[in-house]
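Each chain is listed here by its residues.
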Amino acid sequence: MTSVLDSTDEPNVDNRRAVLRHRRPSRWMHWINFPLITIMIWSGLRIYWAEDIYALGILDWEWFSFFPDWFNEKLGLERRLARGLAFHLSFGWLFAINGLAYGLYCAKSGEWRHLVPDRDGIRNSVGVVLHDLGIRQDAPNQDGRYNSAQQLSYTIIVALGGLALLTGFAIFKPTQLSLLVTLLGGYETARLIHFWVCLAFVGFFVIHVVQVIRAGRSNFTSMVTGYEVLDPEDDENEDA
Amino acid sequence: MPEPEELTMDEYRVRSRRSVLTGAAAMLGGYVGWRRLQDSAADHNIPGVLRDVHETNESIWSTLFRDDHQAKTFGRADASILQVNGFQGMRNDIDLATWQLNVLGPDGERLGAHSLADIQALPMHEMTIQHKCIEGWAQVTNWSGARFSDFMDLYADRLPDDITDVYLATPDDRYYVSVDLATMRHQQTLLAYQMLDQPLDDAHGAPLRLATPLKYGIKQIKRIGSVQFRRDKGGDFWGERGYDWYAGL
């Protein structure tokens, strides 16, 4: 086995290449979104605390109540409604602008073609998940930048971002935007959807981070530099 | 400038270093901005920058405000007795026999005083609306009372035309709100004296309270003791404690 140190001494040994994976607008908007969503969830939980009525359970049996006292205490969510609202309704605009900019960018650049799964995509994504979980041995073939499961989850998270905005505006101005409230099933339903969208974001975050760790370093750095470094033997895979 | 589809490894190393530096600078900038926001001089209990955004939000949504747009109304059967959530300004006993509504002009001058019978002499309007609390809950309830606009018109001749806000306070001045004139003159803004056809009880603001589906409950002051027509925003109990002055729905 040749060590890395040996190989750098010889010219032309580094025949890897760097292929553009994520264009600049995608990278910026992706990373800007991370602190924005964090602030939105944190301030949103401070608002939720003031009327923390949601729970999981059946009939009178309550299995899990959102959220236990230790959780609220630990994160400093108690009695911070005014500050929660102030942060949420300020940073919400930045989240909206970033999201709209991304939507426009995707539409204009054609990037959405990499993102939205085709007809086979949804069926195929089941295979990817089974493979990832170690249940299925062979990896389903991937003919684009993202595999089907990635496409599906990225499309869903973008759609959920839109739903967060719609339900958020419905709760924010329920009288002035009464048509939107009606479409969403009423004021209280809009609030419930908004809450579950938040939980879905947290769930996506956990899965996303696990997936990125599994995908390895060059996948992660491509979201920073834009380019993924490919070994020559990757080429076959790439061109398949 | 468009990025090339492919880079040589030498180009990539330069690019990689630049990206990491840019990212580090952006993170540092974000952190400094966040600290500065948190440390910016407080304006009534929230960072001043966020108060500015509240005011920007107010200018956006008050511009979109339409006098003829009505808040959704509900069937009377959906209405129930409103849950009681606050007692600010209502801790003293009140003598309903001697109660009166004092009316003040923009310079604090006394314009008049009214008994409940005066308010009840104005045309009565009933509405079944969804009351919304800034805490997040909502409840359909039913109010009857006089339109504030009808009440204000009693003073049409004596008020200057540059009134922009109305300030209302409890008799002990311990609770007070300031509401923009457009909302106050909306058809669904009532000086309410009945809930579900019954005279208001003490906990719901007897003898007279504000009721409007256009504002959160924090603005719907109970047990009104005085009304002042103003040329500017007046004090606001919860606004001063960090909430949005506008609190419009």
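Criteria and cut-off values
- Residues numbered from 1 in each chain as written.
- Chains lettered and ligands numbered in written order.
- Predicted model: local features only at pLDDT ≥ 70, side-chain atom pairs only at ≥ 80, totals over all residues.
- Helix = DSSP H or I, 4+ residues; strand = E, 2+ residues; numbered from the N terminus.
- Buried ≥ 20, exposed ≤ 12 C-beta atoms within 10 Å, placed from the backbone.
- Contact = placed C-beta atoms within 7 Å.
- Rg over C-alpha atoms; globule rule 2.2 N^0.38 Å.
- Domains from an automatic or database assignment.
- Nonpolar A, V, L, I, M, F, W, Y, C, P; charged D, E, K, R; others polar.
- Pairing = 2+ DSSP bridges.
- Core = buried A, V, L, I, M, F, W, Y, C linked by C-beta atoms within 7 Å.
- Expected span 1.5 Å × (residues − 1).
- pLDDT = per-residue confidence, 0-100.
- Axes fitted to C-alpha atoms, helices over the stretch in contact; angles between N-to-C directions.

### Concerning the overall build of chain A
Alright, step 1. Looking only at helices and strands, chain A has 11 helices and four strands in total.
Alright, step 2. The buried share of chain A, taken over its 240 residues, is 24%.
Alright, step 3. Sequence separation of at least 24 residues holds for 65% of the intrachain contacts in chain A that already meet a minimum separation of 6.

### Brief notes about the overall build of chain B
Alright, step 1. What chain B contains, in helices and strands, is five helices and 13 strands.
Alright, step 2. In summary, chain B has a C-alpha radius of gyration of 25 Å against a globular reference of 18 Å for 249 residues, an excess of more than 25%.
Alright, step 3. Within chain B, the proportion of its 249 residues that are buried is 35%.
Alright, step 4. Contacts in chain B between residues at least 24 apart in sequence constitute 69% of all its contacts with a sequence separation of at least 6.

### Details of the domain arrangement of chain B
Alright, step 1. Split by domain assignment, chain B resolves into domain 1 (1-39) and domain 2 (53-230).
Alright, step 2. Computed over C-alpha atoms only, the centres of domain 1 of chain B and domain 2 of chain B are separated by 53 Å.

### Some remarks on the interface of chain A and chain B
Interface size is commonly expressed as the accessible surface area that is lost when the partners come together.
Alright, step 1. Each partner contributes residues to the interface: chain A has 33 residues there, and chain B has 36 residues.
Alright, step 2. Tallying contributions element by element places helix α4 (residues 81-109) of chain A first for the side of chain A that touches chain B, with eight residues.
Alright, step 3. Per-class residue counts for the side of chain A that touches chain B are 17 nonpolar, six polar and 10 charged.
Alright, step 4. In terms of strand pairing, strand β1 (residues 17-20) of chain A meets strand β1 (residues 6-7) of chain B through two bridges, oriented antiparallel. Each residue of the ladder has a partner; that of Ala-18 of chain A, found in β1 of chain B, is Leu-7 of chain B.

### Here's the deal with the pairing of strand β9 (residues 176-180) of chain B
Residues and elements named next belong to chain B.
Alright, step 1. Of all five residues making up β9, five are buried, and the element is well covered by its neighbours.
Alright, step 2. With burial as the criterion, each face of β9 is covered, one bearing Tyr-176, Ser-178 and Asp-180 and the other bearing Val-177 and Val-179.
Alright, step 3. Across five bridges, strand β8 (residues 165-169) lies against β9 in antiparallel orientation. When the sheet's bridge partners are listed, Ala-169 is paired in β9 with Tyr-176.
Alright, step 4. The antiparallel pairing of β8 with β9 creates a hairpin that spans six residues between the two strands, and Asp-173 there sits at a positive phi of about 60°.

### Describing the pairing of strand β7 (residues 138-147) of chain B
Residues and elements named next belong to chain B.
Alright, step 1. The element β7 is extensively covered by neighbouring structure, given that seven of its 10 residues are classed as buried.
Alright, step 2. The pairing of strand β6 (residues 124-132) with β7 spans nine bridges and is antiparallel. Bridging from a neighbouring strand, Glu-126 pairs with Ser-144 of β7.
Alright, step 3. Taken together, β6 and the strand that follows it, β7, pair antiparallel across an intervening segment of five residues, in which Gly-136 is found at a positive phi of about 125°.
Alright, step 4. Bridge count for β7 against strand β10 (residues 190-195) is five bridges, and the pairing is antiparallel. Opposite Ala-146, over in β10, you have Leu-191 as the bridge partner.

### Here we look at the environment of Leu-96 of chain B
Residues and elements named next belong to chain B.
Alright, step 1. Here Leu-96 shows up in the loop between α2 (48-64) and β4 (101-104).
Alright, step 2. C-beta crowding within 10 Å serves as the criterion here: with 11 such atoms nearby, Leu-96 is assigned to the exposed category.
Alright, step 3. As for Leu-96 and Leu-116, which are separated by 20 residues in sequence, their C-alpha atoms are 9.2 Å apart.
Alright, step 4. Excluding residues within four positions of it along the chain, Leu-96 makes contact with Ala-206 and Pro-207.

### As for the nonpolar core
Alright, step 1. Counting residues in each nonpolar core, the largest one holds 57 residues, and the members touching the most others are Val-166, Leu-168, Tyr-176, Leu-190, Leu-191, Ile-224 and Tyr-243 of chain B.
Alright, step 2. In terms of residues, this core owes the most to one element, α4 of chain A, which gives seven residues.
Alright, step 3. If near-sequence neighbours (up to four positions away) are discounted, Leu-168 of chain B is found in contact with Tyr-176, Val-177, Leu-210, Ile-221, Ile-224 and Val-227 of chain B.
Alright, step 4. Membership of the second largest hydrophobic core comes to seven residues, among which are Ala-170, Ile-171, Leu-184 and Ala-190 of chain A.

### A few points about helix α1 (residues 9-39) of chain B
Alright, step 1. An ideal rise of 1.5 Å per residue puts 45 Å on 31 residues; α1 of chain B measures up with 44 Å between its terminal C-alpha atoms.
Alright, step 2. With one of 31 residues buried, α1 of chain B is to be regarded as a mostly surface element.

### Comments concerning the environment of Val-103 of chain B
All names here are of chain B.
Alright, step 1. Inspection of the secondary structure puts Val-103 in strand β4.
Alright, step 2. Along the backbone, Val-103 and Val-227 are 124 residues apart, and their C-alpha atoms lie at a distance of 5.0 Å.
Alright, step 3. Residues within four places of Val-103 in sequence aside, it is in contact with Leu-111, Gly-112, Ala-113, Tyr-155 and Val-227.

### Here we look at the sheet that holds strand β4 (residues 227-230) of chain A
Alright, step 1. Taken in spatial order, the three strands line up as β4(A)-β1(A)-β1(B) in an open sheet, and their pairing is antiparallel. The open sheet has two edge strands with one neighbour each: β4 of chain A together with β1 of chain B.

### Description of helix α2 (residues 24-49) of chain A
All names here are of chain A.
Alright, step 1. An ideal rise of 1.5 Å per residue puts 38 Å on 26 residues; α2 measures up with 38 Å between its terminal C-alpha atoms.
Alright, step 2. By the burial criterion, the buried members of α2 are Ile-37, Met-40, Ser-43, Gly-44, Leu-45, Arg-46, Ile-47, Tyr-48 and Trp-49.
Alright, step 3. Looking at the buried residues of α2, the elements they touch are α3 (69-74), α4 and α9 (187-215).

### Looking at the confidence of the model for chain A
Alright, step 1. Looking at chain A as a whole, its pLDDT mean stands at 86, while 89% of the residues score no less than 70.
Alright, step 2. Of the regions scoring below 50 in pLDDT, residues 236-240 of chain A engages in one contact with residues more than four places distant in sequence or in other chains.

### Quick word on the sheet that holds β4 of chain B
Residue and element names in this part refer to chain B.
Alright, step 1. Read from one edge to the other, the open sheet built from five strands follows the order β5-β4-β13-β8-β9, with strand pairing classed as mixed. Looking along the sheet, the strands with just one partner apiece sit at the ends: β5 (110-114) and β9. Here the strands of the sheet are splayed against their neighbours by 20° on average, with no regard to which way each runs.

### Observations concerning unusual backbone geometry
Alright, step 1. Cis rather than trans, the peptide bond between Phe-66 of chain A and Phe-67 of chain A has omega equal to -5°.
Alright, step 2. Residue placement: Phe-67 of chain A occurs in the loop between β3 (61-65) and α3.
Alright, step 3. Along the chain, Ala-206 of chain B connects to Pro-207 of chain B via a cis peptide bond; the corresponding omega equals 0°.
Alright, step 4. In this structure, Pro-207 of chain B sits in the loop between β11 (198-199) and β12 (209-211).
Alright, step 5. In this model, Arg-79 of chain A sits at a positive phi of 50°, which is unusual for a non-glycine residue.
Alright, step 6. Relative to the assigned elements, Arg-79 of chain A resides in the loop between α3 and α4.
Alright, step 7. When the 12 C-beta atoms within 10 Å are taken as the criterion, Arg-79 of chain A is described as exposed.
Alright, step 8. In the Ramachandran plot, Asp-197 of chain B falls in the positive-phi region, its phi being about 70° despite a non-glycine side chain.
Alright, step 9. Along the chain, Asp-197 of chain B turns up in the loop between β10 and β11.
Alright, step 10. The exposed category is assigned to Asp-197 of chain B, around which 9 C-beta atoms lie within 10 Å.

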